[in-house]
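# Fold and contact review
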Amino acid sequence: MSETIASDTFALTDISTQKEATAEAVRQSLKKRYSAERRFRFYGVMALVFAFLMLVVLFATIFSNGYSAFVQTMIRIDVKLDAETIDPKGTRDPAVLLRAGYGLLIKQSLRETFPEVRSRRDKKKLYGLVSQLGANDALSDLVLQNPVVIGKTVSIWVPASDDVDMLVKGHISRDVPEKERRVSNKEIAWIDTIKAQDRLKTQFNTNFFTAGDSREPEMAGVWGAAMGSLLTLAVTLLLSFPLGVSAAVYLEESAPKNRWTQIIEVNINNLAAVPSIVFGLLGLAVLLNFMGMPRSAPVVGGIVLALMTLPTVIIAGRAALTSVPPSIREAALGVGASRVQTIFHHVLPLAMPGILTGSIIGMARALGETAPLLMIGMVAFIADIPQGFTDPATVLPVQVYLWADSPERAFVEKTSAAIIVLLVFLVTMNALAVWLRQKFENRW
Amino acid sequence: MPLSIILGTLVILTLIGFYMGRSRAVASSSGDIRILHSLPGYYGYFVAIWCGVPALLVAAGWLAFEPQIVQGLLISSLPEDVQKLSDNRLKLVLNDIMNIAAGGIASKKPDPEILKAAEYYNSLKSTGSVALAGVMFALAVAGITYARSKINPDLRARNNVEKFIMVILIASSTIAILTTVGIVFSLLFESLRFFQKVAPVDFLFGLEWSPQTALRSDQVGSTGLFGAVPLFVGTLLISFIAMCVAAPVGLLSAIYMAEYAPYKVRAALKPMLEILAGIPTVVYGFFAALTVAPFFRDLGASGGIMISSESALAAGVVMGIMIIPFVSSIADDVITAVPQAMREGSLGLGATKSETIKRVILPAALPGIVGGLLLAVSRAIGETMIVVMAAGLAAKLSVNPLEAVTTVTVQIVTLLVGDQEFDSAKTLAAFALGLLLFCVTLVLNIIALTVVNKYREQYE
C-alpha cells in the first residue's frame, strides 16, 4: 500500500519536474525563437529596402543622365552672308533662300576663326565643332525672315555638335587618354579657345521640346513623339472608354447570369493577362494586312491599345458599379424609373469617379506601352510632326526605344530626357487619378 | 468631300432630328404633355436614332469596302497587258498609280497610261465620297421623315430608345469576345501557313534557330532553320531568374506590409510599390541595358568571370524588379484575406508572429500565392521590351545565365520589325511563336485564375 502511495507521490513529483523541465526547455528555446522572429522581420524589411533601393537607383540613373539634355551648348560664329553664294541671281525667292549653300559660309567662317588649321583632316574636324544641320537651319531662318542681311556679316549663335556638347557638359571626360576619347586634344584646344573668346554658352534647349526626331542628336526633339502619343491616346480613349463603360454596365447591371455572360467574364479576365505583344500581332494581321489600314498611323496604334486597355476599363468599371449600394437602385425603381433610367440617371453618375480613375490608370498603361506598337510599324524614323490620325507617327516610349538603340553618346542623354518627359506625363495622369478618387470618393 | 465634313453635317442633322422629334411630340399632345406615353425628350432621341444610325452604318460599310471596290474598278480599267501581270507586279503598278494620285513620286518615270489611271483613281475616289455623302444625307433625311411620321402620343418612344441602348450595351460587351476570336484566328491562320512551309515537329522540337531565308536558292544556309527549342530555353531561363528575384522579395515585402508594418508605414510603402509597377517596361529595358548589364559585366571582370554584356542575368534581374510589385500586391490581397481567427488562435497558443505566419497563414494562403506566382510567370514569359533591349539575339541553346540568350518575344520583334514580304517563312514564324506564347500564357492564366478564385471562395 505504502509502496503505491510512494509511487504516486513519485509520479506527482515526476509530473511537476517534467513541467519544470518543459518550461525550462521552452524558456531556453525562447531566445532562439525570438531571434528567429527578429530575423524574419529583418528579411521583410530587407525585401522592401531592396525594392526601394532599386527604385532610387533607377530614378537616379535616369535623372543623372538626362537632366543635362534640357540645356544645349551653343557656339557663336561670325558668318559673312555672301550674296553670291546665297542668292546669285538676286531674286530673293524664298525657295532659293531656303536651299542656299549655307554650309559653305559656315565652313568659311570657321576657317577664318582658326586660320592655322591647314590639313584636310583637321578642317573636317573643325567643321564638326558646330552642328551643320542646326547652323544651316539657324542661318536660313535668319535670312528668310530678314533678307536684307544678305551681303552683311552677322554674328549668330548656333548649336554645337553633339560631341562638343557632351564634352562641355562633362559626359566626355578630359582625363581619359586621347585614343579612347571621342574628342581629340586638338578639338579640346579649339573649344577652349572659343570659350576664352566668349563664344560658347549653354542655354535652355527649346529645340528638344519643339522638334521631331533627327539623326543628329543635338537636333533631335520629343515633340513629334509626344504629338504621336497624344493622337494615339485620343483614339484609345475615344474607343475604350465608351465601349468599356457600356460593357461594364451591361455585365454588372442588366446581364442575366447565364453561360454566355460567364464566358464573357472569363474571357475578359484572361484578355487582361494576355501579353501585350500579342495585341500587336492582332493589329498587324487584321488591321494592317486584312483591312489595309496605313502603317505607322496613330489610328491603328490607338485601336490596338484600345483593345489592350478595354479589359482594364471594364474591370475597373464593374468594381465601381458594384460599390454603388443597391438601395440607390431600389429607390429609383421605387419611384417609377425604368431600369435604363435608373442606370443612366443614378447609378452611373455615382460610379463615374471610380470608372474615371480606372480608365486613367488604363490610359497611363497604354501611354507607356511599346511592344504592340513595334508590330504595327510605329517604330520607323519619322522626322515630321504628325498632324493627323493617319500620318506616320511614333510615340514617346517607342522614341525612347529608338534612341536607346542609337550608338552616339549624346543619345543616352536624350533617351533619359525623353524618359523623364514620359514619366512626367505618367505621374501627372496617376496624380489626376488619385485626386479624382479622393475628391469624389463616396463612403456608403 | 472630306469625311470630317460629312460626319459633322450628320451630327448637325441628328441634332435637328432630335429637336424636330421633341417639338413634334409636344405639338401632337396639343399642349398637355401628360397624355404622351414617354417624356418628350425620348421622342427626340427616337428620331435622332433613326436619323443617325442607318447613315453611320452605311458609312462604316463603305469605309470597310471602299479600297477593294475602288481597286477592282481601277484594275479593270487598266490595259489588258497590265491586267495579265503577276499579282506582285500588278501590286507595284497599283502602288505607283496611288503614289502619283496622292501627288507623290513614282518609282520610275510614269507612262501616260499610268498617269491616266491615276487621274481615273482620283476621280473614282471623289465620286465615291460624293456618292457616300449623298446616300448618307438621303438616309438621314428619310430617317427623320419616317420617324417623325410615326410620332403620336401613343408611340412607346422610351421603350424603343431603351431597347436600342440595350443592343448597344450588349454589342460592346461582345467586343472582348471578338478580340479573343480575332487573336486566335489571326494567329492560327498565319501559323497554319507557316506550318505548310515548316513541319510543326521541326518547329517545336528543332534545336537550331536561324530564321534566315535566302534571296537566292544557292546561297549558304538558304533553307533557314526554325527549331524553337533554344528560344523556349532562353525564355524559361530569363523567367526563372526573374522569379528568383521577384518571388522572395515580393512575398517577403507583402508579408511585412500585411502583418508587421504599422498602418502609417503601410500607407507610405504601398504607393512606392505602385510607382514601381507604373514605370513603362521600356524604361526598365533602358535601365537594364545602360546600368545593370555593365554592372554585372564589370563585377564579373573584377572576379575574373566572363559575363556577356547582354547576359540573361541582367535581363532577368531587371524583369524580376519589374514583377516585384505584381507579386507583392497579389500576395498582400491573399494574406489579408486569411481570416483573423486563424491568426488569433495561433498567437493564443503562444506562437510568435513569425511562427504564426510560417505555420498557419502561409499554408492557408498557399493556393492564392501559387496562383499569383503563376500569373507573374505568365507576365515574365510575355514581357517584351526588357528582353528586346537587354537580352541578346543569338539563339544559343544554353542555360548559363552569364551568357546571352534570346527569347520568344525578342524573336517576334526582330522578325517583324523592318520591311519584309508578308508571306515569307520568316515573317510567318513570328505568328507561330505568337500563337505559342498566347497558348502558354492562356493556360497559365486559366490555371492561376481558377486557383485564386477557388481560394477566395474558401474564405468568403
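Here the structure is a predicted model, which is why all the values come from computation and not from measurement.

### Let's talk about the overall build of chain A
- Check the secondary structure of chain A and you find 18 helices and three strands.
- When its C-alpha atoms are laid out on the principal axes, chain A stretches across 135 × 75 × 40 Å.
- Each of the 444 residues in chain A was classed as buried or not, and the buried ones make up 42%.
- In chain A, 77% of the contacts between residues at least 6 apart in sequence involve partners at least 24 apart.

### Topic: the overall build of chain B
- Across its full length, chain B holds 16 helices and two strands.
- Taking 2.2 N^0.38 as the reference for a compact globule, 460 residues should give roughly 23 Å; the C-alpha atoms of chain B span a radius of gyration of 31 Å, well beyond that estimate.
- Taken along its principal axes, the extent of the C-alpha atoms in chain B is 85 × 80 × 35 Å.
- Per-residue burial for chain B yields a buried fraction of 42% across its 460 residues.
- Long-range pairs, those at least 24 residues apart, make up 73% of the contacts in chain B with a sequence separation of at least 6.

### Quick look at the domain arrangement of chain A
All names here are of chain A.
- Split by domain assignment, chain A resolves into domain 1 (2-67), domain 2 (70-215) and domain 3 (223-440).
- Taking only C-alpha atoms into account, the centre of domain 1 sits 48 Å from that of domain 3.
- Domain 1 puts four residues into the contact, and the matching count from domain 3 is six residues.
- For the side of domain 1 that touches domain 3, the class distribution of residues is two nonpolar, two polar and no charged.

### Brief notes about the environment of Gly61 of chain B
- Here Gly61 of chain B lies in helix α2 (residues 40-77).
- Measuring from C-alpha to C-alpha, the distance between Gly61 of chain B and Arg34 of chain B comes to 41 Å, with 27 residues separating the pair along the chain.

### Considering the interface of chain B and chain A
- With 68 residues of chain B at the contact, the number on the chain A side is 66 residues.
- The element contributing the most residues to the side of chain B that touches chain A is helix α6 (residues 157-197) of chain B, with 19 residues.
- In terms of residue class, the side of chain B that touches chain A is made up of 45 nonpolar, 19 polar and four charged.

### Focus: the sheet that holds strand β3 (residues 200-204) of chain A
All names here are of chain A.
- Spatial strand order, β2-β1-β3: three strands in an open sheet with antiparallel pairing. Two strands lie at the open edges of the sheet, namely β2 (153-159) and β3, each paired on one side alone. Between one strand axis and the next, the sheet turns through 35° on average, direction left out of account.
- As paired strands, strand β1 (residues 71-80) and β3 are joined by five bridges and run antiparallel to one another. Across the sheet, residue Gln72 finds its bridge partner in β3, namely Gln203.

Rules used throughout
Residues numbered from 1 in each chain as written. Chains lettered and ligands numbered in written order. Predicted model: local features only at pLDDT ≥ 70, side-chain atom pairs only at ≥ 80, totals over all residues. Helix = DSSP H or I, 4+ residues; strand = E, 2+ residues; numbered from the N terminus. Buried ≥ 20, exposed ≤ 12 C-beta atoms within 10 Å, placed from the backbone. Contact = placed C-beta atoms within 7 Å. Rg over C-alpha atoms; globule rule 2.2 N^0.38 Å. Domains from an automatic or database assignment. Nonpolar A, V, L, I, M, F, W, Y, C, P; charged D, E, K, R; others polar. Pairing = 2+ DSSP bridges. Axes fitted to C-alpha atoms, helices over the stretch in contact; angles between N-to-C directions.

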